[in-house]
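Close look at the chain arrangement
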Amino acid sequence: SDLLIEENIATKRVAIVIPPDSVYTRLIEIPKTIRENKVYEYLCNPKSLIQIPFQLNKSDFTIFKTTYKEDSNNNLYFLTAIPKIAMNNLIKTFDVANIEINFVETAFNSLRRLIFDEKIIQNKEEYLLFLDFSKQCTYLTISDVNGPIFTERISSIRSFPTKIGELNAKENNEYLPI
């Protein structure tokens, strides 16, 4: 809160956008026999045969059905998960600063929400490609009418005119100019 006062930022509520590297994402096949309102229970059940490299009950996650078709016996769902300990630390940090968190979302969901127009995607077989150019890499996200179905970090080749270890204030920004 001292930093907010020092920088003359008057806010009590914030929206937090976290980078794609901070979350685990994956398309998951769920049998069509599982109802949409039972998918959460199905994923948390150790007998479900869904293999995820961590326990879902120790993470905060969202899952939604996509329109992407790969198998006629299964529906595809897009899973986004973050460890509960990371979320709890984020919440504690803002609690100490006396700032209310309005919501937390990933960068690819934030971009989609900001520019999405239902007229852009006319049918279930059309997709949007998002490219998020940052200094370290480029994030590629493929989205259907319901939301992301794929996100990937792509290495970027950059020209570095300054010597290694030197920082130029002009070039020291997170995003590169278009």
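Look up a bit, the structure's there.
Attention in this report is confined to the structure presented alongside it. All residue numbers refer to position in the chain's written sequence, counted from 1. Only residues with pLDDT of 70 or above have their local features reported here, since the model is predicted, and side-chain atom pairs are shown and tallied only from 80 upward, although totals for entire chains, interfaces and linings are computed over all residues. Side-chain numbers here rest on the full set of heavy atoms in the structure, without hydrogens or water.

1. Some words on the side chain of Thr 141
How we decide: Comment: elements are numbered from the N terminus, with helices defined as DSSP H or I runs of at least four residues and strands as E runs of at least two. When a residue's accessible area, from a 1.4 Å probe over protein chains only, is under 20% of the maximum for its type it is buried; when over 50% it is exposed; and in between it is partly exposed. Residues adjacent in sequence count toward polar contacts only when both atoms are side-chain atoms; beyond that, a polar contact is any pair of N or O atoms within 3.5 Å, and within protein one must be able to donate a hydrogen and the other to accept it. Here, two residues are considered to be in contact whenever any of their heavy atoms come within 4.5 Å of each other.
Within the secondary structure, Thr 141 sits in strand S7 (residues 137-144). On the basis of relative accessible area, Thr 141 is assigned to the buried category, the value being 3%. In terms of polar contacts, Thr 141 uses its side chain to reach the side chain of Thr 151, at 3.3 Å. Among residues more than four places away in sequence, those in contact with Thr 141 are Phe 108, Leu 128, Leu 129, Phe 130, Pro 148, Phe 150 and Thr 151.

2. A word on the sheet that holds strand S6 (residues 128-133)
The condition that has to hold: Strands pair, by our definition, only if DSSP identifies at least two bridges between them. Every angle, taken between N-to-C directions, lies between 0 and 180 degrees, and every axis is a line fitted to C-alpha atoms, over only the stretch in contact when it is a helix.
The strand order across the open sheet built from 3 strands is S6-S7-S8, with neighbouring strands paired in antiparallel fashion. Of all strands in the sheet, those bounded by a partner on one side alone are S6 and strand S8 (147-155). Pairs of neighbouring strands in the sheet enclose a mean axial angle of 20°, with direction left out of account. The pairing of S7 with S8 spans 8 bridges and is classified as antiparallel. Each residue of the ladder has a partner; that of Ser 143, found in S8, is Pro 148.

3. Some details on the nonpolar core
One broad rule of soluble globular proteins: the nonpolar side chains tend to lie buried together. For clarity, the threshold we go by: Nonpolar cores are built from buried Ala, Val, Leu, Ile, Met, Phe, Trp, Tyr and Cys residues. Side-chain atoms within 4.5 Å join them into one set.
Counting residues in each nonpolar core, the largest one holds 12 residues, listed as Ile 28, Ile 30, Val 39, Tyr 42, Leu 43, Ile 50, Ile 52, Leu 56, Phe 61, Tyr 77, Leu 79 and Ala 81. Contributing elements (two or more residues each) for this core: strand S2 (24-31), helix H2 (39-44) and strand S4 (74-83). The residues contacting Tyr 77, other than those within four sequence positions of it, are Arg 26, Leu 27, Ile 28, Ile 30, Glu 36, Val 39, Ile 63, Phe 64, Lys 65 and Thr 66. Ile 16, Val 23, Phe 78 and Ile 82 belong to the second largest nonpolar core, which has 11 residues in total.

4. Things to note about unusual backbone geometry
Among all residues save glycine, negative phi is the norm, and among peptide bonds the norm is trans. A positive phi angle, near 70°, is found at Leu 49, a position not held by glycine. Looking at where Leu 49 falls in the secondary structure, it is placed in the loop between H2 and strand S3 (59-65). Positive phi outside glycine occurs at Asn 98, with the angle close to 60°. Here Asn 98 lies in the loop between helix H3 (84-96) and strand S5 (100-106). Judged by relative accessible area, Asn 98 falls into the exposed class, the value being 52%.

Scope: geometric values only; no functional claims are made or implied.
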